[in-house]
Amino acid sequence: MKILVTGGTGYIGSHTAVELQNSDHEVIIVDNLSNSDKNVLDGIEKITGIRPEFEEFNLADKKKTADFFKRHSDIEGIIHFAAYKAVGESVEKPLMYYRNNLFSLVNILQGMKDNHIPNLVFSSSCTVYGQPDELPVTEKAPIKKAESPYGNTKQISEEIISDTIESSELKGIALRYFNPIGAHETAIIGELPIGVPNNLMPFITQTAAGIRESLRVFGDDYNTPDGTAIRDYIHVVDLAKAHVVAVERMVNQKMKKDFEVFNLGTGNGYSVLEVIKSFERSTGEKLNYKIVGRRPGDVEQVWADTQFANEELGWKAEKGIDEMTLSAWKWQQSLKEKD
Ligand code: UD1
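Parameters and conventions
Residues numbered from 1 in each chain as written. Predicted model: local features only at pLDDT ≥ 70, side-chain atom pairs only at ≥ 80, totals over all residues. Heavy atoms only, no water. Helix = DSSP H or I, 4+ residues; strand = E, 2+ residues; numbered from the N terminus. Buried < 20%, exposed > 50% of the residue type's maximum accessible area, 1.4 Å probe, protein only. Contact = heavy atoms within 4.5 Å. Phe/Tyr/Trp six-rings, centres within 6.5 Å; stacked < 30°, edge-to-face > 60°. Near = heavy atom within 4 Å. Polar contact = N/O pair within 3.5 Å; in protein donor to acceptor, adjacent residues only side chain to side chain. Areas by Shrake-Rupley, 256 points an atom, 1.4 Å probe, with all protein chains shown as cover. Nonpolar A, V, L, I, M, F, W, Y, C, P; charged D, E, K, R; others polar. Domains from an automatic or database assignment. Salt bridge = Lys/Arg side-chain N within 4 Å of Asp/Glu carboxyl O. Buried area = accessible area lost by both parts, 1.4 Å probe. Core = buried A, V, L, I, M, F, W, Y, C linked by side-chain atoms within 4.5 Å. Axes fitted to C-alpha atoms, helices over the stretch in contact; angles between N-to-C directions. Parallel < 35°, antiparallel > 145°, perpendicular 65-115°, else oblique. Left-handed = near helix turned anticlockwise from the far one by under 90°.

**Thoughts on the overall build of the chain**
The helix and strand inventory of the chain stands at 11 helices and 13 strands. Along the three orthogonal principal directions, the C-alpha set of the chain runs to about 55 × 45 × 40 Å. Within the chain, the fraction of its 339 residues that count as buried is 53%. Considering only residue pairs separated by 6 or more positions, the chain has 79% of its internal contacts joining residues 24 or more positions apart.

Here's what the structure looks like:
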């Protein structure tokens, strides 16, 4: 199948392009390289032996996107990752986030309608649940008011997709990711945050590598066993594989509804201190960290009920926390070798 991967040179997109090619799908990537590098294409080629087709432009550009779809109406499925994702930045620059994340989605849906490409997999987030009332959180849990414009773009995007599906022949699957971490086992591709990382895992690996002095653990006064916040960390390769399953489910017409939503997590919650311990155990490195105050906007604890994804998709996350933290470290070390 020919699959369009938007944002395919980014962190999750690149791992998904690899898994698609490993499953014999043809991949075409569109990315404007606003938060990634073209040499990721070399990495994908090195791992799979195939260089995906690539076009560099901004999907928020209506004309360019319409022209792209006209030239590629043989695409069978789309996995849409391309979006801004920094929570703090979205609070500072909401219009930039709404313009980029929502216009690009609208342009893609228009291109799909105009060219009769029915299948969309959308990259959503567990952020839509906020602090859930019940744990583990199922797909039926209520959507809470978003904590940030970034989170709001995920909620609104799901609504835009759902409304468009109601009135057309389009079909969609929204995948709500919990916390993707880790890197490909070859350490050829991984997460490449530009500047100071916001997320826990890249901050840990950069601290251990001596790029940052010390990790700040945001809060140890949460109502959790060790007081630090709990998340459901999932290996990015497990996550990538779920996208292959989802797009195949759509194209092979196995969907039960025209718009389906799945949680993608492991079902296990780990506290910040447990992630640090896993990192130290799996790598043998000692991590310099200190406890500081809570980070505004953080929820206390969230982890996924994975039953629906496990049963309906026939997919299950396989890699454990030590494998995640070790692969993130190997990737960090490979970056040093590239310098
Ligand atoms: C964050 C976003 C979420 C988004 C996801 C995508 C917030 C509030 N949420 O998730 O909406 O979908 O990224 O990347 O930003 N931590 C530290 N020290 C650090 C960094 C993080 O203690 O330097 C802690 C956090 O407080 C949290 C955990 O580590 O408890 C995970 O944080 P992070 O990796 O930033 O992910 P989320 O906040 O869960």
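Having seen it, we continue.
**What about the packing of aromatic side chains?**
Taken as a whole and assessed by the stated rule, the structure comprises six aromatic pairs. Pairing F68 with F69 gives two aromatic rings, centres 5.5 Å apart and planes at 80°, and the pair type is edge-to-face. Aromatic pair Y84 and Y97: ring centres 5.3 Å apart, planes at 55°, arrangement tilted. With a gap of 13 residues between them, Y84 in the loop between β4 (77-80) and α4 (87-92) and Y97 in helix α5 (residues 94-115) connect regions that are remote in the sequence.

**Points about the site of the ligand**
Surveying the vicinity of the ligand reveals 20 residues, the closest of which are L200, R216, R231, R295 and D298. Between an oxygen atom of the ligand and a main-chain N or O atom of F218, the distance comes to 2.9 Å. Coverage of the ligand by the protein amounts to 86% of the 740 Å² it exposes when considered alone. Broken down by secondary-structure element, the contributors of at least two residues to the shell around the ligand are α7 (200-208) and β8 (215-218). Here the element with the most residues in the shell around the ligand is β8; it accounts for four residues. By residue class, the composition of the shell around the ligand is 10 nonpolar, six polar and four charged. Counting only domains with at least three residues in the shell around the ligand, you end up with domain 1 (2-181 + 234-264) and domain 2 (200-230 + 267-333).

**Focus: the pattern of salt bridges**
On inspection of all chains with the given rule, the structure shows 18 salt bridges. Between D322 and R281 there is a salt bridge, and its shortest N-O distance comes to 2.9 Å. One end of the pair, D322, is in helix α11 (residues 321-338); the other, R281, is in helix α9 (residues 272-283), with 41 residues separating them in the sequence. Residue classification places R281 among the exposed positions, given a relative accessible area of 53%. Residues E323 and K319 are paired through a salt bridge, measuring 3.3 Å at the closest nitrogen-oxygen approach.

**Section: the domain arrangement of the chain**
Domains assigned within the chain are domain 1 (2-181 + 234-264) and domain 2 (200-230 + 267-333). Taking only C-alpha atoms into account, the centre of domain 1 sits 24 Å from that of domain 2. Every contact between the two is made by 24 residues of domain 1 and, on the other side, 21 residues of domain 2. Surface buried jointly by domain 1 and domain 2 totals about 2300 Å² across both partners, of which 69% is contributed by carbon and sulfur atoms. Among the residues of domain 1 in contact with domain 2, I181, H235 and D238 are the three that bury the most area, contributing 26% of the side total. At the junction of domain 1 with domain 2, the criterion picks out two salt bridges.

**Points about the side chain of S157**
With respect to the helices and strands, S157 occurs in helix α6 (residues 149-166). Using a relative accessible area of 2% as the deciding quantity, one classes S157 as buried. A polar contact is formed between the side chain of S157 and the backbone oxygen of T153, at a distance of 2.6 Å. If sequence neighbours within four positions are ignored, S157 has contacts with N101, L102, L105 and F122.

**Points about the nonpolar core**
Core analysis: the biggest nonpolar cluster contains 37 residues, and L20, I29, L175, L264 and W315 have the highest contact counts within it. Elements with a contribution of two residues or more to this core: β1 (2-6), α1 (11-22), β2 (26-30), α2 (40-48), β6 (171-177), α8 (236-251), β11 (259-264) and α10 (307-313). It is α8 that provides the largest number of residues to this core, a total of eight residues. Two domains share this core, each providing at least three of its residues, namely domain 1 (2-181 + 234-264) and domain 2 (200-230 + 267-333). Setting aside its immediate chain neighbours within four residues, L20 contacts I3, V5, H25, V27, I79, V244 and V247. Formed by 22 residues, the second largest nonpolar core is a distinct cluster that contains F57, L59, F122 and I165.

**Concerning the packing of α1 against α8**
What describes two packed helices is the angle between their axes and the distance between those same axes. Remark: α1 packs on α8, axes separated minimally by 8 Å, with the N-to-C direction vectors making an angle of 60°. One finds that α1 runs oblique with respect to α8. Here α1 and α8 pass one another in a crossing that is right-handed. Residues Y11, I12, H15, T16, E19 and L20 of α1 form the contact with α8, whose participating residues are V236, V237, L239, A240, K241, H243, V244 and V247. Looking at side-chain class alone, the contact of α1 with α8 contains nine nonpolar, three polar and two charged residues.

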